[in-house]
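Letter by letter, the chains look like this.
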2 protein chains.
Amino acid sequence: MTADIFHNNAPHPEPSLLTAFAGNRLDRQSENRADDCVEKALAAEGTHILAFTGPRLILKHDGQILDPLFAPYELAELQPDFDNAVLLGYRDNGEPRIAVPVLIAAEELASHYKPAEARALFRDGLLDEELQGEAAQAIALLNWNAANRFCGKCGSTMEMKIGGYKRVCTQCQHMLFPRTDPVVIMLTIDIENDRCLLGRSHHFQEGMYSCLAGFVEPGETIENAVRRETFEEAGIRVGRVRYHASQPWPMPHSLMIGCYSEASSQEIIIDPQEMQDVRWFSRAEAAAMLDAGTDSQYFAPLKGAIAHHLLRDWIEWGGER
Amino acid sequence: MTADIFHNNAPHPEPSLLTAFAGNRLDRQSENRADDCVEKALAAEGTHILAFTGPRLILKHDGQILDPLFAPYELAELQPDFDNAVLLGYRDNGEPRIAVPVLIAAEELASHYKPAEARALFRDGLLDEELQGEAAQAIALLNWNAANRFCGKCGSTMEMKIGGYKRVCTQCQHMLFPRTDPVVIMLTIDIENDRCLLGRSHHFQEGMYSCLAGFVEPGETIENAVRRETFEEAGIRVGRVRYHASQPWPMPHSLMIGCYSEASSQEIIIDPQEMQDVRWFSRAEAAAMLDAGTDSQYFAPLKGAIAHHLLRDWIEWGGER
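Residues numbered from 1 in each chain as written. Chains lettered and ligands numbered in written order. Predicted model: local features only at pLDDT ≥ 70, side-chain atom pairs only at ≥ 80, totals over all residues. Heavy atoms only, no water.

Draft legend 1. Summary view of the overall build of chain A. Looking only at helices and strands, one finds six helices and 15 strands in chain A. A compact globule built from 321 residues should have a C-alpha radius of gyration of about 20 Å, and chain A, at 21 Å, falls within 12% of that. Here the C-alpha coordinates of chain A stretch approximately 60 × 50 × 40 Å along the principal axes. Within chain A, the proportion of its 321 residues that are buried is 60%. A fraction of 64% describes how many contacts in chain A between residues 6 or more apart in sequence connect residues 24 or more apart. When the accessible surface of chain A is split by element, carbon and sulfur atoms take 48% of a total near 13,400 Å². Charge-centre separation for chain A: the mean point of 29 positive side chains lies 3 Å from the mean point of 47 negative side chains. (Helix = DSSP H or I, 4+ residues; strand = E, 2+ residues; numbered from the N terminus. Rg over C-alpha atoms; globule rule 2.2 N^0.38 Å. Buried < 20%, exposed > 50% of the residue type's maximum accessible area, 1.4 Å probe, protein only. Contact = heavy atoms within 4.5 Å. Areas by Shrake-Rupley, 256 points an atom, 1.4 Å probe, with all protein chains shown as cover. Lys, Arg positive; Asp, Glu negative; His and termini not counted. Charge placed at Lys NZ, Arg CZ, Asp CG, Glu CD.)

Draft legend 2. The arrangement of the relation of the copies chain B and chain A in detail. Once turned by 180 degrees and shifted 0.0 Å along the axis, chain B lies on chain A with an RMSD of 0.0 Å. Within this description, the copies of the chain are treated as partners about a two-fold rotation axis. Within chain B, the C-alpha atom positioned nearest to the axis of rotation is that of Gly155(B), 2.5 Å from it. Of all interface residues in chain B, 100% are interface residues in chain A too; the two copies therefore contact each other through one and the same surface. (Least-squares fit on C-alpha atoms with pLDDT ≥ 70 in both.)

Draft legend 3. Up close: helix H5 (residues 283–291) of chain A. Residues and elements named next belong to chain A. Those residues of H5 that sit buried are Arg283, Ala286, Met289 and Leu290. Buried residues of H5, seen end-on, are gathered within an arc of 120 degrees and therefore sit on one face of the element. Exposed residues on H5 whose side chains face more than 90 degrees from its buried face are Ala284 and Asp291. Tucked inside the fold, the buried residues of H5 contact strand E11 (195–201), strand E15 (275–282) and helix H6 (306–316). (Arc of directions from axis to C-beta.)

Draft legend 4. Here's a closer look at the packing of helix H5 (residues 283–291) of chain B against helix H6 (residues 306–316) of chain B. Residue and element names in this part refer to chain B. Orientation of H5 relative to H6, taken along the N-to-C sense of each, is 130 degrees, at an axis distance of 10 Å. Regarding the angle of H5 to H6, the classification is oblique. You can see that H5 and H6 cross each other, and the crossing is left-handed. On the side of H5, the interface is formed by Arg283, Ala286, Ala287, Leu290 and Asp291, while H6 contributes His308, Leu311, Arg312, Trp314 and Ile315. When the residues that make up the contact of H5 with H6 are grouped by side-chain class, the tally is six nonpolar, one polar and three charged. (Axes fitted to C-alpha atoms, helices over the stretch in contact; angles between N-to-C directions. Parallel < 35°, antiparallel > 145°, perpendicular 65-115°, else oblique. Left-handed = near helix turned anticlockwise from the far one by under 90°. Nonpolar A, V, L, I, M, F, W, Y, C, P; charged D, E, K, R; others polar.)

Draft legend 5. Representation of the sheet that holds strand E8 (residues 166–169) of chain A within the structure. Residue and element names in this part refer to chain A. Taken together, the three strands give an open sheet; going across it, the order is E7-E8-E9, and neighbouring strands pair in antiparallel fashion. Only two strands of the sheet have a single neighbouring strand rather than two, namely strand E7 (158–161) and strand E9 (175–176). Pairing between E7 and E8: four bridges, direction antiparallel. Each residue of the ladder has a partner; that of Met158, found in E8, is Cys169. (Pairing = 2+ DSSP bridges.)

Draft legend 6. View of the pairing of strand E14 (residues 254–263) of chain B. Residues and elements named next belong to chain B. With nine of its ten residues buried, E14 lies for the most part within the structure. Relative to E14, strand E10 (residues 181–190) is paired through nine bridges, and the arrangement is parallel. Residue pairing in the sheet places Ile189 in a bridge with Glu262 of E14. With nine bridges joining them, strand E13 (residues 238–249) and E14 adopt antiparallel strand pairing. Within the sheet, the bridge partner assigned to Trp249 lies in E14 and is Ser254. Hairpin geometry of E13 and E14 is characterised by an intervening segment of four residues between the two adjacent antiparallel strands.

Here it is in structure tokens:
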């Protein structure tokens, strides 16, 4: 019904649609959400549910196939918390899609269930792109609702409204809407020397280098956030900034804004608190890192990660190879 | 010291830097904020303060000049709430810049003070671009801190940390960071007929038409948000989407993400709840609207508004004129 508003109408390939978690095609009906929309969707024919224990999606598995879609009756033994269920939207065939937190802990799940962190969903290829996108929406929404049970202004209880997209304080009527945190992530290019800037945080797997990144600050443009973060983390000055692609990043509810930026200085001065290492990589080195295994001396983030696509697209645009 | 990381290093003109509230050049020292950073900045030589009563910036005025910068001693009669002051950053000359909420109500201010809403700061040209940018940062931060006095997870009191950029629950240790809401705002172009799509909300001043806009939803790319909002509000299908510029929009803490998008359908079907009217405007009509007064039949948003610049830049790129 509305999928063609999204992917089918997009030019191919649109860089954003090549990233993990970007494949959500649900008709969200965001202008028509009523307070009983979850209830109605639960009662509808063909409803399928994504179930979460804490931040982890529960997958049914029979030894071979992993399946995240529960019919309502299949949830009973997982102690579903339907009061905190949220409506994701509708599939093209009219099937509603709902996300439900369950009260059973991950450790207590029977062996035919497998709980999976958001990151594992794409890293381990557990879900197709469309389901990854639906899971991203679910994780962001459930997390935001759970983190706002009480009113930040007066401390009273908040109530969920319109299927999980609004919370209202039962005392002071303060209203809240879902939170999405914009993050800039940039591949900074030294054009003269045909090389790119990559770094690693202290918590990265050994050998992995990725694009620098950071949250957009209050009162900041995207371009200035790119320049500030690159200078803070690596001491590199940046001139021109160009947007390339975006990606929903459900850890728990970020929007990655992927940019190319042009270095106007070369000497790296790292912030040792934030970064373990930052260095320049030649085009050939970067190309090798995209295909290198995780046991290599240097390797890039996995396909699906927006940093991977920033690198890949830079390399494929050419240069002196 | 660091201003050249931002504006001086940017290509001229960078579309984002032509928008209102984008002129912030402060060195935010975002990696080095300590819990006593406001205290230290208050005690420093040359500190200047932006003071707010609720959401309104207080300007000193002597009948001719409007001045938003207070020295600490000038605040006494306004009942400054220094416990909730936030650090904005440092000017190039080393002067700290702080924002402070005051307890005196706007209606109780003496006549040599003028309270001004965020929108008025650029609409009425009350501040230069750099101060507008600092005020945008201040409004976003103060609002976010005031809206999160209590923990959303457990309802206990939260404490401000690192100059206003973190809040921590005194009971459950839940941590929060400043919130920025990404909003897509798009000029949709019907290329074949060389016309653009503009609409008006019910609350717009009579005659004003602007770009369609809406919040990015959880789990959504920028491009899909553009396609979804354009379809929901106007029934128009959109193909290619191209980012153009961003703008901090402190009402209270949005990030406007300005895009061009290509229409792949022509027939407008408005959502009457959200929009009063949406229509196609020819290039000539749109050009006239940019210069038309607010008493004209059709006029565009003011210079500084990102919608104005999306329109202006489309027109200046040419076409059949």
